[in-house]
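Geometric and topological summary
This is what each chain is made of:
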Amino acid sequence: MLTVAGSDSGGGAGIQADLKTMLALGVHGMSVLTAVTAQNSLGVQGVWELPDEAVRTQYRSVVDDIGVQAVKTGMLSSATLVATVAELLADTDAPAVVDPVGVSKHGDSLLAESALDAVRHRLMPVATVATPNLDEVAQLTGVQVRDEAGMTRAAEAVLALGPAWALIKGGHLPGDAVDLLTDGTETHWYRAPRLDNRHTHGTGCTLASALASHLALGHPVPEAVGLAKEYLTGAIEAGFALGAGIGPVDHGWRIGGGANAGEKGSVSTGK
């Protein structure tokens, strides 16, 4: 499986979170780096975008030789990179999970305003599943979501941009952590208990890469989303404090390789 995303020097999100998730779920992880960031538990201190040619060459190097069963995109900071990656995805016969990363967990912007149109009109139409959170829904469609009923309107607005499926992540709403998946015909709701753990850095990257991993393993989209949600819920429950701010989720909670090895809890999730 291939992730096309930025690097997180703190190891909680981005390429690092994606590769940890893939390993935990039993798929071989490959990467195309789009940007280097300097970040830690307190925020993002710097971003350096890679040239378009570097992104394109990394992608072709991996896909043309090794092949790929699924692709996940994350941080694509400029209109040029968005357009380049959209073109590459359109030429790849594999499901694509598009996480339209707009801001970091700490509120730092990771997508130029000038890139929004490229995300709407170039990237979203080639997505098998788009996975925006509520802030990203507002950024891309203007739809403000304040309750579960609003998630349905958000899904309709996101689907209008062209992805085959829209997964609207409702983690910013009060109450249970609820997500909505729809292709405009069938609809699935996924619920999990809201956990008392503020160390949630990397949740969006982790869910998207877990979803893509399960698609690579051959699961249909609704089942892959449920399995990804279950994995993420366990990773949040086992999340740990690093640094002075918001720590990451524990990607190794199932395999005994995380910070809280030996302290795994049971996870329940439903539709």
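A brief report on the enclosed structure follows. Since we're looking at a predicted model, the values are computed, not measured. (Residues numbered from 1 in each chain as written. Predicted model: local features only at pLDDT ≥ 70, side-chain atom pairs only at ≥ 80, totals over all residues. Heavy atoms only, no water.)

**Remarks on the sheet that holds strand β8 (residues 177–182)**
Selection criterion: We treat two strands as partners when DSSP finds at least two bridges between them. Helix and strand definitions follow DSSP, with helices as H or I runs of at least four residues and strands as E runs of at least two, each counted in order from the N terminus. Every residue pair with non-hydrogen atoms within 4.5 Å of one another is taken to be in contact. Axis definition: a line fitted to C-alpha atoms, over the contacting stretch in the case of helices. Angles run 0 to 180 degrees between N-to-C directions.
Read from one edge of the open sheet, nine strands run β3-β2-β1-β4-β5-β6-β7-β8-β9, paired in mixed fashion. Of all the strands in the sheet, the pair left with one neighbour each is β3 (43–49) and β9 (187–192). When strand β2 (residues 30–40) meets β3, the two strands line up antiparallel, connected through six bridges. Across the sheet, residue Asn 40 finds its bridge partner in β3, namely Gly 43. Strands β1 (2–8), β2 and β4 (71–73) of the sheet are contacted by helix α2 (residues 52–65), whose axis makes an angle of about 135° with β2. Contacts between helix α7 (residues 203–216) and the sheet are confined to β4, β5 (96–98), β6 (129–130), β7 (165–169) and β8, with β4 contributing the most and set at about 165° to the helix.

**Quick word on the pairing of β8**
The line we're drawing: The cut-offs for exposure are 20% and 50% of the maximum accessible area for each residue type, with area from a 1.4 Å probe on protein chains only; residues under the lower value are buried, those over the upper are exposed, and the others partly exposed.
Among the six residues that make up β8, six are buried, leaving the element largely enclosed by the rest of the structure. Across the two faces of β8 the burial is the same, with Ala 177, Asp 179 and Leu 181 and Val 178, Leu 180 and Thr 182 all buried. Bridging between β7 and β8 involves four bridges; their strand directions are antiparallel. Counted as the bridge partner of Ile 168 is Leu 180 from β8. Bridge count between β8 and β9: six bridges; the pairing is antiparallel. Looking at β9, one finds that Asp 179 is bridged to Tyr 190. Linking β8 to β9, which pair antiparallel, is a turn of four residues; within it Gly 184 sits at a positive phi near 95°.

**Observations concerning the side chain of Thr 3**
The following threshold applies: Side-chain atoms alone can form a polar contact between residues adjacent in sequence; in general such a contact is a pair of N or O atoms within 3.5 Å, and within protein one must be able to donate a hydrogen while the other accepts it.
Summarising the element assignment, Thr 3 is placed in strand β1. Looking at Thr 3, the relative accessible area reads 0%, which means it is buried. At 2.6 Å, the side chain of Thr 3 forms a polar contact with the side chain of Asp 18. Not counting residues up to four positions away in its chain, the partners in contact with Thr 3 are Ile 15, Asp 18, Leu 19, Met 22, Met 30, Ser 31, Val 32 and Lys 72.

**What to know about the nonpolar core**
What counts, and what does not: What we call a nonpolar core is a set of buried Ala, Val, Leu, Ile, Met, Phe, Trp, Tyr and Cys residues that are connected through their side-chain atoms within 4.5 Å.
Counting 47 residues, the largest nonpolar core has Leu 2, Val 4, Tyr 59, Leu 123, Met 124 and Ile 168 as the members making the most contacts within it. When neighbours within four sequence positions are excluded, Met 124 is seen to be in contact with Val 98, Val 119, Ala 130, Leu 140, Val 158, Leu 161, Gly 162 and Pro 163. Within the second largest apolar cluster, 29 residues are counted, among which are Leu 167, Leu 181, Ala 208 and Val 225.

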